[in-house]
Amino acid sequence: MEIGIPLERQDSEYRVGVTPKAVGLLTQAGHRCYIEQGAGRAAGFEDVEYERAGGRIVYGAQEVYQRADLVLKIGSLTSSEIGLVREEQTICALWHLAARPRELVAALLEKRITAIAYEMIQTDDGDLPVLRPLSEIAGRMAPQIAARWLQNDGGGRGVLISGLAGHPPVNVCILGAGVVGISAARAFLGLGARVTVLDQNLTRLRYVDERFQGRVSTMVSYDFNIAGAVKRAYVLVGAVLVPGERAPVLVTREMVRSMRPRSVILDISIDQGGCVETSRPMTHRDPVFIEEGVIHYCVPNMPGIVARTATHAYLNAAWPYIQRLARMGTEAAIEADPALGRGVALHNGQIYSGPLAALVEGA
C-alpha cells in the first residue's frame, strides 16, 4: 500500500503521524511510505531517520496526498489541505468532527474519503484505546498548566497549588471521572491539592473513591452540585467526553461568574466543543483569555506540545489498527475489526457516525 505522512499544519501541532521505527516496519512488510520533509522534526525525528527506515522524503504536501492511498495524521485536515485530498482516500486522524465547521464536513463528503477518527475507535467493552494515552497525557499536564496561570506573572491569584504550613492548598474541581479526569486527579493530588471529582455515573465515582482511598472527594454532577463545587474552586478542569458527540455544556456563564477573580478554567473538552459556556478554542501560541474575570485555558491539542511523548504514546495504541489497514485494505479491515469500524466517521460520501449525522442534519 502507498502510505503518506504529511507535516501537520494545525497551529502549534508538533506531533507526527508515525515514527521512523513504524515506517521501518511498514516498509519491511512491503508498503511504500512517503514522508513530507520535516514532518517529524518537531517531535525529534529527523528526515534522515525516516530514509534509513526505508521511507521516501517528499518536498510538499501535494505529493504526499497524491501518492498515498492511506494517510496517517494526528490533527484534522485544515481547509488548505482539503483541496489536496484524493477521492476515496483513507485518512486516519483525531478528527473531532462534531466540533468542526459543517462546511468542512460537507467538503470531505464530496471527496468521498474514509475518515477514520482515532478518538472514536472503540472496543466491545467501551474502551477508547487510541484516545486513552492522549487523554492520560492531557490529564497529567493539567496541574503544570494550572500552576503556570495561577502565578502572578500568568495573571492568576498568586497561589501555590499545594499550599504550605499555615495556608491551605487550593480546591480543584474536575468534571468527569473518565481517563482525563482520573489522570488529572492523580496529578493534582500528587501536588497536594484538595480535589473534587464530579460525574453522573456512580460506578465511576465509586472507582475514584476506591482508587484514591477517599483522598479525593466525589459528587454526583447535578446542576446544584456543579454550581457549588465550581464556586469553591481555584481550578476547574472540564474533562467531559461523549464519544463522537459534542461535549455537553455543564458550566454556565453564571457559574463562571461565581468563581474567584483570576481563578483558572482548563476546558480539556474543548476539542469536542467544550463543557463550559464561556469557552472558545485557543492555540498554544495564544492559550488563554479572560472571561467573567476568570482565566480560561482552552487548547484543543494539549498533548501537541509534548510531541515526542505523545507521538510514541498514541502510536503504541494505534499501531495494530494501522497495520490492519495497511495489510488488508480499508474495506476488509473495517469489516474484520468492529473496534476499527466504530472509528469510521465518513465513508463513501456518507456519515457513519450517528451523533455527527444528527448534528449535520440539525445545522
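For the structure, see preceding data.
Procedures and definitions
- Residues numbered from 1 in each chain as written.
- Predicted model: local features only at pLDDT ≥ 70, side-chain atom pairs only at ≥ 80, totals over all residues.
- Heavy atoms only, no water.
- Phe/Tyr/Trp six-rings, centres within 6.5 Å; stacked < 30°, edge-to-face > 60°.
- Buried < 20%, exposed > 50% of the residue type's maximum accessible area, 1.4 Å probe, protein only.
- Lys NZ or Arg CZ within 6 Å of the ring centre and 35° of its normal.
- Pairing = 2+ DSSP bridges.
- Helix = DSSP H or I, 4+ residues; strand = E, 2+ residues; numbered from the N terminus.
- Axes fitted to C-alpha atoms, helices over the stretch in contact; angles between N-to-C directions.
- Core = buried A, V, L, I, M, F, W, Y, C linked by side-chain atoms within 4.5 Å.
- Contact = heavy atoms within 4.5 Å.
- Salt bridge = Lys/Arg side-chain N within 4 Å of Asp/Glu carboxyl O.
- Expected span 1.5 Å × (residues − 1).
- Parallel < 35°, antiparallel > 145°, perpendicular 65-115°, else oblique.
- Nonpolar A, V, L, I, M, F, W, Y, C, P; charged D, E, K, R; others polar.
- Right-handed = clockwise from strand over helix to strand, strands pointing away.

## Structural notes on the packing of aromatic side chains
Part 1 of the argument: Inspection of the entire model under this criterion finds two aromatic pairs.
Part 2 of the argument: Taken together, a centroid distance of 5.5 Å and an interplanar angle of 25° make the contact between Tyr222 and Phe224 stacked.
Part 3 of the argument: Note on Tyr222: relative accessible area 48%, which makes it partly exposed.
Part 4 of the argument: The ring of Tyr234 has Arg260 sitting right over it, with the charged end atom 4.2 Å from the ring centre.

## Remarks on the sheet that holds strand β7 (residues 171–175)
Part 1 of the argument: Taken in spatial order, the seven strands of this open sheet run β9-β8-β7-β10-β11-β13-β12, and their pairing is mixed. Looking along the sheet, the strands with just one partner apiece sit at the ends: β9 (217–220) and β12 (288–291). Put simply, the sheet's adjacent strands are angled 20° from each other on average, direction ignored.
Part 2 of the argument: Strand direction decides the pairing type here: strand β8 (residues 194–199) and β9, joined by four bridges, are parallel. Residue Leu198 lies in a different strand from β9, and its bridge partner there is Met219.

## A look at the nonpolar core
Part 1 of the argument: Residues Tyr118, Ile174, Phe188, Val197, Val235, Tyr314 and Ile322 are the most contacted members of the largest nonpolar core, which totals 83 residues.
Part 2 of the argument: No other element matches the 11 residues that helix α11 (residues 307–328) contributes to this core.
Part 3 of the argument: Aside from chain neighbours lying at most four places away, what touches Tyr314 is Val16, Gly17, Lys73, Ile74, Tyr118, Val130, Pro133, Leu134 and Ile322.
Part 4 of the argument: Core analysis: the second largest hydrophobic core is formed by 21 residues, Leu77, Val85, Ile113 and Met120 among them.

## Topic: the pattern of salt bridges
Part 1 of the argument: Taken as a whole, this structure holds 19 salt bridges when the rule is applied.
Part 2 of the argument: Between Lys73 and Glu8 there is a salt bridge whose closest N-O contact spans 3.1 Å. Here Lys73 is found in strand β4 (residues 70–75), whereas its partner Glu8 is found in the loop between β1 (2–5) and α1 (20–28), with 65 residues between them in sequence.
Part 3 of the argument: For Glu8, a relative accessible area of 6% gives the class buried.
Part 4 of the argument: When salt bridges that share partners are traced, they join Arg253, Arg257, Arg280, Glu291 and Glu292 into one network.

## Notes on the environment of Gly139
Part 1 of the argument: Checked against the element boundaries, Gly139 lands in helix α6 (residues 131–150).
Part 2 of the argument: Once you skip the residues sitting within four places of it in the chain, Gly139 turns out to touch Val180, Ser183, Ala184 and Ala187.

## Regarding helix α7 (residues 179–191)
Part 1 of the argument: The terminal C-alpha atoms of α7, which comprises 13 residues, lie 19 Å apart, in line with the 18 Å expected from a rise of 1.5 Å per residue.
Part 2 of the argument: Of all the residues in α7, the buried ones are Val180, Gly181, Ile182, Ser183, Ala184, Ala185, Ala187, Phe188 and Leu189.
Part 3 of the argument: Each element contacted by the buried residues of α7 is listed here: α6, β7, β8, α8 (202–211) and β10 (235–238).
Part 4 of the argument: Gly192, located one to two residues past α7, shows a positive phi value of around 95°.

## Quick look at the packing of α6 against α11
A pair of packed helices can be characterised by two numbers: the angle between their axes and the separation between those axes.
Part 1 of the argument: Across the interface, α6 lies against α11 with an axial gap of 7 Å and an inter-helix angle of 150°. Judged by the angle between their axes, α6 and α11 are roughly antiparallel. Facing Pro133, Leu134 and Ile137 of α6, the residues of α11 in contact are Thr309, Ala310, Ala313, Tyr314 and Ala317.
Part 2 of the argument: Among the residues making up the contact of α6 with α11, the classes are represented as seven nonpolar, one polar and no charged.

## Focus on the pairing of β1
Across a regular strand the side chains alternate sides, sitting on one face of the sheet and then on the other.
Part 1 of the argument: Residues Glu2 and Gly4 point to one face of β1 and Ile3 and Ile5 to the other, with burial holding for every one of them.
Part 2 of the argument: As defined by bridge partners, β1 adjoins strand β2 (residues 32–36) across four bridges and the pair is classed as parallel. Paired with Ile5 across the two strands is Ile35, which belongs to β2.
Part 3 of the argument: Each parallel crossover has a hand, and the one from β1 via α1 to β2 is right-handed.
Part 4 of the argument: Pairing geometry for β1 and β4, over two bridges, is parallel. Residue pairing across strands places Ile3 opposite Leu70, the latter belonging to β4.

These values are about where atoms sit, not about what they do.
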